[in-house]
Amino acid sequence: MTENTTESVESFRARARTWLAENMPRWDGHVSPPADDDIKEWHRARELQKKLYAGGFAGICFPKEYGGLGLSPAHQQAFTEECRGYEMPLLLNTPTFSICAATLLDVGTEEQKRERISAAIRGDEALCQFLSEPRGGSDLAGVITRAERDGDRWILNGAKTWSTSAYAADWGLCLARTDWEVSKHRGLTMFLVPTKAPGVTVNRIRMVNGSREFCEEYFDDVVLPASAVVGEVGGGWEVASRQMFHERNAVGGGSPYVSGRGLPPTMPRVPPIDVARALGRSDDPAVRELVGEALVMTAVHEQMVERVSRALGSGALPPAGSSMLRLLHAETSQLREDIALKIAGANAATGTGADLGIGGRVSIGYLMRQSASLGGGTTEISRNIISERLLGMPREPALDRDVPFKEVKRGR
Ligand SMILES: Cc1cc2nc3c(=O)[nH]c(=O)nc-3n(C[C@H](O)[C@H](O)[C@H](O)COP(=O)(O)OP(=O)(O)OC[C@H]3O[C@@H](n4cnc5c(N)ncnc54)[C@H](O)[C@@H]3O)c2cc1C
């Protein structure tokens, strides 16, 4: 990360405080249920991002040559602390900035960095990830979406699924198989695919909480130029690994590339202590014990984020260390959802409607509980990575590791 520390963190913080007060709308605390069509929220997020950009507070940790400010994670942290209570373009944080732009910064071509990262920082474009496929997401190196060379171009065919907010994105990072003669990790290439290109179909999927942010995509003879390749041809696994590093870091709360923290107001998660207070149960000893458990776990999580992020930044921990953040995030958020539901009791079954009360927020948060152990790779995969790559335990046996991919038995 390029650092420009000409301005001290404290001076930057003071400037941000004044600018935020004068320019950014205050968040009124209104939480609405996930909407059937949330494109308005996307327009709003882009508008807010444009405001940050015009005010000189966008892309704090991205280098200046790609439209950012080239400042340090400490500057970003100070800004994050100051922007609490203001409306922020949270929808753009993940995957656009914390995963896709961060990956392009590490492995993209100069042109991809100058065009895509700057457009995202200006609020003109959003990015998404086309990784998981209908046959399964954990075995990422086993993708069967294919890209075939045709002179100078590539022809993409296949299907992806569970793509967060692809319907609102302009570009997707798509992992495809380009060589079936070599082993599965070696025959992959990452492409930057325009989501509106001819041959790309994006369908939205309705989730149990009512949201339609998830998408599935079909690629039918999509023509891509040679400049769409991210990293090396055949080097897609290295790019995907970098992407997964950024995703685990982002999901775990350790990404320096976000503007403001937390979830957008359509994805309510209520801290157990707020549930206890709102329902007048904070004097109940059993409730106090539950609230205490959630507070302790949250404090441990926050300190782990700080410690592990610092170790990842200095190289004291290898990139696989981001799986610790990812795992603890799942454990903490699921504990909090469970405790919030226990405290809310029957109230969680009653609070619904356009303006969610505390009960509605708890119930919608609980319906999303399981996503914390799936997004960014599952909890089981995080445990595998920690045991194999951090603790040096034996690798999981894999019969397909060194076999040409065309000979690997699939779908049985
Ligand atoms: C909130 C959220 C956002 C997401 N966003 C995106 C996105 O933007 N783009 C995208 O491409 N995908 C996205 N995903 C998909 C996500 O990456 C996949 O759900 C995840 O990788 C798991 O894949 P799967 O659901 O197909 O489960 P499977 O891979 O089919 O796994 C099923 C179960 O088997 C277990 N399992 C599988 N292999 C092993 C193993 N080797 N050892 C132990 N256990 C194993 C898994 O842990 C899981 O419990 C998102 C998912 C969520 C919940």
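Residues numbered from 1 in each chain as written. Predicted model: local features only at pLDDT ≥ 70, side-chain atom pairs only at ≥ 80, totals over all residues. Heavy atoms only, no water.

Engineer: Before we move on, could you go through the pattern of salt bridges and cite the residues and values that matter?
Structural biologist: Following the criterion strictly, the structure yields 25 salt bridges and no others. Where arginine 17 meets glutamate 82, a salt bridge forms, and the shortest distance between an N and an O atom there is 2.9 Å. Pair noted here: arginine 17 is in helix α1 (residues 9-23) and glutamate 82 is in helix α3 (residues 73-82), with a separation of 65 residues, a long-range link. What makes arginine 17 partly exposed here is its relative accessible area of 47%. Two residues, aspartate 106 and arginine 242, come together in a salt bridge whose shortest N-O distance is 2.7 Å. Here aspartate 106 is found in helix α4 (residues 93-107), whereas its partner arginine 242 is found in helix α6 (residues 236-252), with 136 residues between them in sequence. The network of salt bridges with shared partners includes Glu10, Arg13, Arg17, Glu81 and Glu82. (Salt bridge = Lys/Arg side-chain N within 4 Å of Asp/Glu carboxyl O. Helix = DSSP H or I, 4+ residues; strand = E, 2+ residues; numbered from the N terminus. Buried < 20%, exposed > 50% of the residue type's maximum accessible area, 1.4 Å probe, protein only.)

Engineer: Mind laying out the environment of isoleucine 364, listing which residues take part and the relevant values?
Structural biologist: Within the secondary structure, isoleucine 364 is located in helix α10 (residues 358-367). Distance from isoleucine 364 to serine 282, taken between C-alpha atoms, is 22 Å for residues 82 residues apart in sequence.

Engineer: Could you give an account of the UniProt feature "domain: Acyl-CoA oxidase/dehydrogenase middle" (unreviewed entry) in the chain, naming the residues involved and the relevant values?
Structural biologist: Within this numbering scheme, the UniProt entry marks residues 128-222 as carrying the feature "domain: Acyl-CoA oxidase/dehydrogenase middle" (unreviewed entry). Here residues 128-222 is 0% helix and 52% strand, with 17 Å between the C-alpha atoms at its ends. (UniProt positions renumbered as here; feature names shortened; annotations may be inferred.)

Engineer: Outline the side chain of glutamate 125, supporting the account with residue identities and numerical values.
Structural biologist: Positionally, glutamate 125 belongs in the loop between α5 (110-122) and β1 (127-130). A polar atom in the side chain of glutamate 125 sits 3.1 Å from the side chain of tryptophan 171. The residues contacting glutamate 125, other than those within four sequence positions of it, are Arg46, Leu92, Thr96, Arg116, Ala119, Ala120, Asp170 and Trp171. (Polar contact = N/O pair within 3.5 Å; in protein donor to acceptor, adjacent residues only side chain to side chain. Contact = heavy atoms within 4.5 Å.)

Engineer: For the nonpolar core, give the residues involved together with the corresponding values.
Structural biologist: In this structure, Phe79, Leu156 and Phe191 are the most contacted members of the largest nonpolar core, which totals 71 residues. Element by element, the count of residues in this core is highest for α4, at 6 residues. No fewer than three residues from each of domain 1 (9-124) and domain 2 (129-235) sit in this core. Non-local contacts of phenylalanine 79, meaning those with residues more than four positions away in its chain, are made with Phe12, Ala16, Leu20, Leu52, Phe57, Ile60 and Met88. Counting residues in hydrophobic clusters, the runner-up holds 13 residues, among them Val270, Ala276, Val291 and Ala344. (Core = buried A, V, L, I, M, F, W, Y, C linked by side-chain atoms within 4.5 Å. Domains from an automatic or database assignment.)

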